[in-house]
Structure formats: C-alpha cells, structure tokens
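# Summary of structural features
Residue strings, one per chain:
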Amino acid sequence: MKRLDLLAVLSALLGLLVAAAPAHAQVVGLNASPAPGGGTTYSVPIQTLLLFSALSFLPAVLLLMTSFTRIVIVLALMRQALGLQSTPPNQVIVGMSLFLTLFVMGPTLEQIHDEAYKPYTEQKIGFEQAAAIASAPLRDFMLRQTRESDIELFASMALPDPADAEPPAAGGEAAGAADAAPPAADAVPMRVLIPAFVVSELKTAFQIGFLVFIPFLMIDLIVSSVLMSMGMMMLSPVLVSLPFKLMLFVLADGWSLLVASMVASF
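Scoring rules and cut-offs
Residues numbered from 1 in each chain as written. Predicted model: local features only at pLDDT ≥ 70, side-chain atom pairs only at ≥ 80, totals over all residues. Heavy atoms only, no water. Patch = residues over 30% accessible without salt bridge, like charges linked within 9 Å, V, L, I, M, F, W, Y side chains within 5 Å. Areas by Shrake-Rupley, 256 points an atom, 1.4 Å probe, with all protein chains shown as cover. Salt bridge = Lys/Arg side-chain N within 4 Å of Asp/Glu carboxyl O. Helix = DSSP H or I, 4+ residues; strand = E, 2+ residues; numbered from the N terminus. Core = buried A, V, L, I, M, F, W, Y, C linked by side-chain atoms within 4.5 Å. Buried < 20%, exposed > 50% of the residue type's maximum accessible area, 1.4 Å probe, protein only. Contact = heavy atoms within 4.5 Å. Phe/Tyr/Trp six-rings, centres within 6.5 Å; stacked < 30°, edge-to-face > 60°. Expected span 1.5 Å × (residues − 1). Arc of directions from axis to C-beta.

A few words on a nonpolar patch on the surface. Residues F210, L211, I214, L217, M218 and L221 make up a contiguous nonpolar surface patch of roughly 610 Å² in combined accessible area. Residue placement: I214 occurs in helix α9 (residues 190-230).

Looking now at the nonpolar core. Residues M78, V212, F216, L258 and M262 are the most contacted members of the largest nonpolar core, which totals 36 residues. Breaking this core down by element, the ones donating at least two residues are α4 (68-82), α5 (90-104), α7 (127-145), α8 (148-158), α9 and α11 (254-264). Of the residues forming this core, the biggest block, 10 residues, is contributed by α4. With residues near it in sequence (within four places) discarded, M78 still touches V212, F216, F249 and L258.

As a further point, take the packing of aromatic side chains. Any pair of aromatic rings gets described here by the distance separating the centres and the angle formed by the planes. Under the criterion given, the structure shown has four aromatic pairs. Between F141 and F266, the ring centres sit 6.2 Å apart and the planes meet at 20 degrees, which makes this aromatic pair stacked. Separated by 125 residues along the polypeptide, F141 in helix α7 and F266 in the segment after α11 bring together distant segments of the chain. The exposure class of F141 is buried, given its relative accessible area of 3%.

All right, on to the pattern of salt bridges then. If you walk through the whole model with that rule in mind, you get three salt bridges. Here E201 and R70 are joined by a salt bridge, their closest N and O atoms 2.6 Å apart. With E201 in helix α9 and R70 in helix α4, this residue pair connects regions lying 131 residues apart in the sequence. Judged on exposure class, the residue E201 and its partner R70 are both buried. With a closest N to O distance of 3.4 Å, D220 and K245 form a salt bridge. Taken together, the residues D220 in helix α9 and K245 in helix α10 (residues 237-251) connect sequence positions 25 residues apart. On the basis of relative accessible area, K245 is assigned to the buried category, the value being 2%.

This next bit is on α5. Taking 1.5 Å of rise per residue, the 15 residues of α5 would be expected to cover 21 Å, and the 21 Å separating its terminal C-alpha atoms lies within 8% of that figure. Listed in full, the buried residues belonging to α5 are I93, S97, L100, T101 and V104. The arc that holds every buried residue of α5, seen down its axis, measures 105 degrees, which confines them to one face. The outward face of α5, more than 90 degrees from its buried face, is lined by the exposed residues Q91, F99 and F103. In this structure, the buried residues of α5 make contact with α3 (58-64), α4, α6 (106-121), α7 and α11.

This is how it looks when you write it as structure tokens:
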C-alpha cells in the first residue's frame, strides 16, 4: 500500500510539472529574439545551457589545442627514465603540466581576453565575432608549433578524391588536378590544423624523451656491466643504479633544466 501511494503521489507531481512547463518556460524566459545589429540574442537560461554544454569540450581543447600534451608526455617519460614507477605521482605530473601550460599559453590567453572576451562582455561585439577573434591567436600558436609536413599530410587527406572530380572544361589542361597544392597557412581549416598539431606535438615530445633517456640509460649500462664483472648476478642493476641517477639528476639541477628546455621549445 505504501508503495502504491508513493507511486500515485509521484504520478500526480509529474502531471503537475508537465502541466506547468509552458508557464515555467515563460517565467524564466526560454526564448530567442533577433539582435539589433543582426544575428540572434538568446535568453540567460539558454546561454547558461550552451555554456555548460561547451564546457564538456574543455578537456579536449586543453589536451589537443595547447602545449599540455607535450609537457605531460615529457614529464612522464622523465619519470620512467629515472626508474621511478609512481614518484612523482600522476596528480603531481598532471598538476605541474597544467600550470606550465598556463605559463606557456599566457600571452595567447591574454590576447584572447583583451581582443575577444573583454569586448564581448562589454557588448561591443557579438558571440560569433568574439569566437572568430578568439580563435585567431590560438590558431597562430598551433601553426607555429606544427610541422609543414604534417599539415600537408592531413591537407592531402582532406582533399576530395581526384577521380571523383569533374574533368576540366578546357581539354588541353590537365594541370595538376591530381596534385593539388596544399593550402596556405592562413587558409588551413581547423579540422586539418588540429590533428596535424597533435601529431607534431607527439613527435616533439618523443624526441625530447629520447634525449632525456640517454644519460640515464648510460648509467644503467655502466652499473649492469660492473655488477656482471663482479659476479653479482642476484643483485638488481635497477636497484643499484637508482641512487646514482637521482644524484646525477639533482646535481645537474634536472628539473630546472627540463622545465626551461620545454618552455623554450615553444
């Protein structure tokens, strides 16, 4: 009986909510109206809904359109080169990568704030214009860090199949329709630039990681050779080489050198 009464109450409340939905929508102002200068002006609840929907893409923007990918990969490879499994922990590496990303992206974020966000909050420009202005500094940053070969690779894959293209009107000019020139830097669409930027960042991070591994690999080889020559077969070379690698890293001021090198690479 109690369960039936509860279901009845819930059904009644649901019916009241459905009946009151149009009136509630009018109260909170879920509407859109044409803007004076063109475009559409949305009410505050719709703007809030759009904002929270856009926030779901924020992790993807942070990972794939900033310097975060290169920094976090290099720091993770640095930990593996030292032979440490969980020190520093993942939270420290991610937090350090985040703040280094904010440091590297500082000029770009300041330009976006001054040229796009501030005029938009002062209602001098619309949302579409603010988004276009804000994408320009981020686009310039990604173009500076992206290899031309990667841009050409994704641009060639984004071009339509030459076999599906219509034949030229003039019969004598087969002028390189199959070998279309890659787009200029300013004309590269974001769907081409973003994957090319990610691939370039992965390449650069692995190159830096290779250089980081070399001195610690030499220490491992020396320690292994010494232990083998002394006949200490039961002693792990990793256990012996770890203090030497830590001492070398600290004496060389490794963290400062690594962070300075990564920031200078941008």
